Amino acid sequence: MPSKVEKWKDEVYGNEIREHLMEFAEQGWDAIPEDEHDAWFERFKWWGLYHQRSGQESYFMMRIGTPNGVIKPGQLEVIGEIAKEYATGPVDNPEFGEAYCDWTTRQSIQLHWIKLEDIPEIFEKLEAVGLGTQQACGDSWRNIVGCPVAGKDKHEHVDAWPVAEDLHETFKGNDDYSNLPRKWKVAIAGCDEGCGQGDINDLAFEPAEKDGELGFNVRIGGGLSRKEPRLARDIDVWVPPEQAADVAHGMSSLFRDYGDREDRFNARIKFLMDEWGPEKMRSVLQEEYVDFELPTAGEDMRDQYSYNTGSQDGHNDHVGIHEQKDGNYYVGLNVLVGRMGADDVLELAELADEYGSGEVRLTQRQNIIVTDVPEENLDEFTSEPLLENYSPDPSPFMRGSIACTGTEYCSLSIVETKNRQVRYARWLKDNVELPEDHKDFHIHLSGCTASCAQPQIADVSLRGMKTRKDGEPVEALDIGLGGGLGDDPRFADWVEMRVPADEVPGAIKNLVNNFEDAREDGETFRDFVEDRDEETLAEMVEPEETDYHDPYMHNTKMTWYPYAEDDDMQSSPAPTDGSGEPLPSDD
Amino acid sequence: MTTDVHQLDDGAWISVNDSREVNVSDLWLLARSDFCGCETTDFLAEGFVKVGVDYPDIQARIAGQCIACGESGVTDWLTVGRVVDPDSGEFYGVVHESVHFPEKRTRLARPEE
Ligand code: HEM
Ligand code: SF4
Ligand SMILES: [Zn+2]
C-alpha cells in the first residue's frame with residue numbers, strides 16, 4: 001500500500017504546490033485548514049520550506065539551492081538582505097545574533113524563522129537575481145553538488161560547472177522527475193581531488209578518461225542516513241560530458257519507477273542497490289532507460305583524490321589562498337559550523353565585489369570561497385577586519401568543524417549542535433596541540449543518525465545521544481574515529497558511546513595526546529585508526545570533565561528554543577501571525 | 001471523525017489529527033520487555049517506525065536505544081497516548097518518564113495507511 005505521503009503527493013505535488021502556497025501566504029497562517037497541516041507541510045518542502053520543530057509552529061526553515069555552491073555576482077547581497085529582513089525569530093541566538101545564514105554540507109543556504117506571509121516577497125527577491133528554493137527539499141532532484149572551484153581550479157580535467165548547470169536547468173521544475181519516491185542527490189566533479197564527495201550521493205559523476213577522451217564514470221547508491229551508511233557503487237559506465245544528462249535522465253527515471261513507494265525508510269536508491277547490485281542496476285538502465293550503448297567505465301583519478309582524506313597533504317578542504325588557472329586567486333574562508341551573521345554576509349558581498357568578481361562559492365565543508373581575486377588585491381583583502389572571524393588560515397579545530405542544525409530547529413534531533421560545536425572548537429583551539437604535521441583534523445557533529453553533518457567521514461565523528469549523569473538525563477554523543485574519503489573511503493568506527501557532552505572535549509584532548517605518544521613517525525591520524533582495533537582505540541578516548549563548560553546539557557529538545565530565557569515549551573509564542581504576534585493555539 | 005495517525009519527517013514525530021503529539025528524543029522506561037537485558041530499559045526514542053490505532057490507544061513501534069546497556073533496535077507496540085473521544089479528536093499523551101509495558105502485537109484495529 002502506498003504510504004500516506006505518497007497519497008498526498010498524488011493529490012498535489014511539484015510545481016503546482018506553488019499557487020496554493022502563494023494563496024495561503026496571501027491569506028495568512030490560519031488559512032491552512034487545520035486538518036490539512038501535515039499534507040501541506042510535506043508538500044511545501046518541494047518549494048524549499050521545512051516546518052520548524054515542535055514549539056516553533058508557523059515558522060519555516062527555507063532552503064535555497066545553489067548548484068555547485070555557485071553564488072553569482074549580485075546574489076550574495078540579496079541573500080544577506082533577505083536574511084536580515086525576514087530571518088529573525090522571537091529570540092536571538094547567543095553566538096550568532098538575530099539573523100544569520102547557514103551554509104550547508106550540500107552547498108545550499110538555509111534561513112530560519114521564515115513566516116509564511118513573507119514568502120511571496122522573498123521569492124520575488126530571490127527570483128529577480130536568478131535564485132530559488134524549488135526542489136531544495138522534498139522528493140525530487142536536490143541541489144547538485146560538486147567541486148566548488150569548478151572552472152577555476154588547476155586540478156581540473158573536465159569543467160564540470162557547465163554540466164552541473166545544465167543538469168540543474170534540465171531537472172529543476174521538470175514534471176517528469178518532480179515526484180520521486182524520495183530525495184535524489186547528485187554530485188558531479190571534474191577535478192582529481194575528489195571534492196565532489198560523489199561517494200555519499202545517490203548519483204555521482206566522477207572524472208575519468210576513456211580512449212583519450214575526458215568524461216565521467218558513474219556511481220550509484222551512496223548515502224549516510226540512519227545507521228545504514230553506503231558508499232556509491234561503480235556501475236561500470238562512462239559518459240562524455242554531453243551525455244551526462246541522458247544518463248541522469250535514465251537513472252532518475254529508473255529510481256522514479258523502481259524506488260519503494262510503500263516504505264519511505266526503504267526508498268532511497270541505496271536500498272535498491274543493496275537488492276539489485278551494480279550489474280543489474282547497469283543492465284536495467286541500459287535496457288529500459290537509455291537508447292544508446294553505454295560505454296564501460298574509463299580510467300578514473302581516484303588514486304589522486306586528497307579531499308577529506310586525512311592525508312595531511314593536498315587539498316583536504318578549500319580554505320586558504322589558491323591560484324586559479326586564469327592566474328587570479330580564490331580565497332577560501334573558514335565559517336565556523338557554516339553559520340554567518342546577516343551583517344557579515346552583507347559585508348562579505350561588498351568585499352567580494354571590491355576585491356574579486358563579486359562571485360562567491362559554498363563548499364561541502366560549510367565554508368565560503370571568494371573567487372577571482374587578482375594577485376595585487378590579495379594583501380588588502382586578507383587584511384580586512386571581517387577576515388579575522390572568517391579566516392583563510394584558521395586553527396585546525398576551527399577549520400575542521402562541521403555541525404548540523406540540531407535541536408535549535410530540527411524535529412529529528414536529539415542534541416544541541418551548532419552552538420556546542422562553536423564552544424568545542426574554541427576550547428580545543430586553546431587547549432589541545434595537534435602533532436606538528438597535522439594541519440587538518442575534521443570533527444563533524446550530527447544531532448541524530450540522519451547524518452546531515454556527515455559524521456561518518458570525519459577524523460572524529462560525533463552523533464547525538466543521551467545518557468544519565470548522577471541519575472539525570474543529559475545530552476551525550478557517540479564518538480567515532482577514522483572516517484574519510486579518497487581512493488579508499490572509510491566510514492568511522494564507533495568506539496565510545498554515550499559520552500556526556502561536557503566530557504567530549506576532554507575525550508578529544510586525551511585522544512590527541514595518546515595518538516601523539518603512540519604514533520609512528522609520520523603516521524597520519526587516519527592510518528593510525530585504521531591500524532588499530534576498536535578496543536585499543538576506545539581506551540585512547542578517555543572521556544573527562546575539564547574546564548570546558550556546556551550550557552546545553554539539559555535536554556534542549558524539550559524547550560521551545562534552547563536559548564530562550566524562559567525556554568519552557570509552554571512559554572513558546574508559536575504559532576504566530578505574519579507580524580510575529582502569538583495566535584491562539586489549537587489546543 | 002476517524003482518528004488520523006501517522007509518523008512524519010522520517011519518523012521524527014507522530015501526528016494525531018494533524019497535530020504534532022509525540023516527538024523523538026524523549027526517554028521512555030520500558031518494563032517486562034525483551035528489548036535488552038536490563039530490568040527496565042532506559043529507552044531513547046530515535047524514530048517512530050510504525051504507528052497505529054487500537055481504540056482508544058494510539059500505539060507505536062519505536063526505533064532507539066537503551067542508554068544503560070547500549071542495545072539498539074525497535075520496540076514492540078507501545079501505547080503513546082489515547083484519543084478517548086473520536087469526535088473531539090483530543091489526544092492525551094502518556095507520561096513517557098513513567099514505566100511502560102510494550103506488547104507483542106495483539107491485532108491492530110486500524111494500522112496506519
Ligand atoms: C530542519 C532541519 C533538517 C531536517 C528536519 C532534516 C532532515 C533530514 C532527514 C530526515 C534526513 C535523513 C533522511 C534521508 O537521508 O533519507 C536528512 C539527511 C541529510 N540531510 Fe538533513 N535535515 C535538516 C537539515 C539539514 C541541513 C542543515 C543539511 C545540510 C545541508 C542537511 C543535509 C542532509 C544530509 C547531507 C543528509 C544525509 C543524507 C545521506 O547522505 O543519506 N539537512 N536530513
Ligand atoms: S543530522 Fe539529524 S539533528 Fe542534524 S539536522 Fe540532520 S536531521 Fe536534524
Ligand atoms: Zn538495556
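Predicted, not measured: the structure shown is a model, and the values here were computed from it.

Here we come to the overall build of chain A. Looking only at helices and strands, chain A has 16 helices and 21 strands in total. The buried share of chain A, reckoned over its 587 residues, is 66%. As displayed, chain A has an accessible area near 20,600 Å², and 41% of this comes from carbon and sulfur atoms. Within chain A, the 124 negative side-chain charges are centred at a point lying 5 Å from the centre of the 56 positive side-chain charges.

All names here are of chain B. Within the first shell, the zinc ion (ligand 3) binds the protein through C36 (SG), C38 (SG), C66 (SG) and C69 (SG), at distances of 2.3 to 2.4 Å. Note that the zinc ion (ligand 3) binds 4 donor atoms; their angles at the metal cover 105 to 114°, and the shape is tetrahedral. For C66, a relative accessible area of 0% corresponds to the buried category. In this structure C69 comes out as partly exposed when scored by relative accessible area, which is 39%.

Looking now at the sheet that holds strand β5 (residues 108-115) of chain A. All names here are of chain A. Here we have 5 strands laid out as an open sheet, ordered β1-β2-β5-β4-β14, and antiparallel in their pairing. The sheet is open, and its two borders are formed by β1 (49-51) and β14 (339-341), each paired with just one other strand. With strand direction ignored, the average angle separating the axes of adjacent strands in the sheet is 30°. Pairing geometry for strand β4 (residues 100-103) and β5, over 2 bridges, is antiparallel. Among the inter-strand pairings, W103 is bridged to a residue of β5, identified as I109.

Residue and element names in this part refer to chain A. Using the residue numbers shown here, the UniProt feature "domain: Nitrite/sulphite reductase 4Fe-4S" (unreviewed entry) corresponds to residues 137-289 and 398-543. Across residues 137-289 one finds 31% helix and 18% strand; the C-alpha atoms that close the span lie 26 Å apart. From the first C-alpha to the last, residues 398-543 spans 21 Å; its make-up is 31% helix and 24% strand.

Each partner contributes to the interface: chain A provides 38 residues, whereas chain B provides 35 residues. Where chain A abuts chain B, roughly 2,900 Å² becomes buried across the two surfaces, and 45% of that area is made up of carbon and sulfur atoms. Of all residues in chain A, A:K4, A:D38 and A:F265 give up the largest surface area on contact with chain B, accounting jointly for 21% of the area buried on that side. Linking chain A with chain B are 7 salt bridges, by the criterion used here. A salt bridge links A:K4 to B:D4; the nearest nitrogen and oxygen atoms lie 2.9 Å apart. At the surface where chain A touches chain B, the tally comes to 17 residue pairs in polar contact (both at pLDDT 80 or more). Each residue belonging to the side of chain A that touches chain B can be placed in one class, and the counts come to 12 nonpolar, 8 polar and 18 charged.

All right, on to a negative patch on the surface then. Residue and element names in this part refer to chain A. A contiguous patch of negative charge, built from E209, D234, D236, E279, E299, D300, D303, D487 and D488, is present on the exposed surface. Only β10 (233-239) and β11 (299-300) provide two or more residues apiece to the negative patch. Structurally, the position occupied by D488 is in the loop between β20 (472-481) and β21 (493-500).

Below, the discussion takes up the site of ligand 1. Surrounding ligand 1, one finds 22 residues, the nearest of these being A:T104, A:K185, A:L224, A:R268 and A:C452. Bordering ligand 1 are residues originating from chains A and B. Between an oxygen atom of ligand 1 and a main-chain N or O atom of A:L224, the distance comes to 2.9 Å. Between an oxygen atom of ligand 1 and a side-chain N or O atom of A:R268, the distance comes to 2.7 Å. Counted by class, the shell around ligand 1 contains 8 nonpolar, 7 polar and 7 charged residues.

Cut-off values and rules
- Residues numbered from 1 in each chain as written.
- Chains lettered and ligands numbered in written order.
- Predicted model: local features only at pLDDT ≥ 70, side-chain atom pairs only at ≥ 80, totals over all residues.
- Heavy atoms only, no water.
- Helix = DSSP H or I, 4+ residues; strand = E, 2+ residues; numbered from the N terminus.
- Buried < 20%, exposed > 50% of the residue type's maximum accessible area, 1.4 Å probe, protein only.
- Areas by Shrake-Rupley, 256 points an atom, 1.4 Å probe, with all protein chains shown as cover.
- Lys, Arg positive; Asp, Glu negative; His and termini not counted.
- Charge placed at Lys NZ, Arg CZ, Asp CG, Glu CD.
- Donors = N, O, S within 2.8 Å, 3.2 Å for Na, K, Ca; no water.
- Tetrahedral: all angles 85-135°; square planar, octahedral: opposite > 155°, others 65-115°.
- Pairing = 2+ DSSP bridges.
- Axes fitted to C-alpha atoms, helices over the stretch in contact; angles between N-to-C directions.
- UniProt positions renumbered as here; feature names shortened; annotations may be inferred.
- Contact = heavy atoms within 4.5 Å.
- Buried area = accessible area lost by both parts, 1.4 Å probe.
- Salt bridge = Lys/Arg side-chain N within 4 Å of Asp/Glu carboxyl O.
- Polar contact = N/O pair within 3.5 Å; in protein donor to acceptor, adjacent residues only side chain to side chain.
- Nonpolar A, V, L, I, M, F, W, Y, C, P; charged D, E, K, R; others polar.
- Patch = residues over 30% accessible without salt bridge, like charges linked within 9 Å, V, L, I, M, F, W, Y side chains within 5 Å.
- Near = heavy atom within 4 Å.

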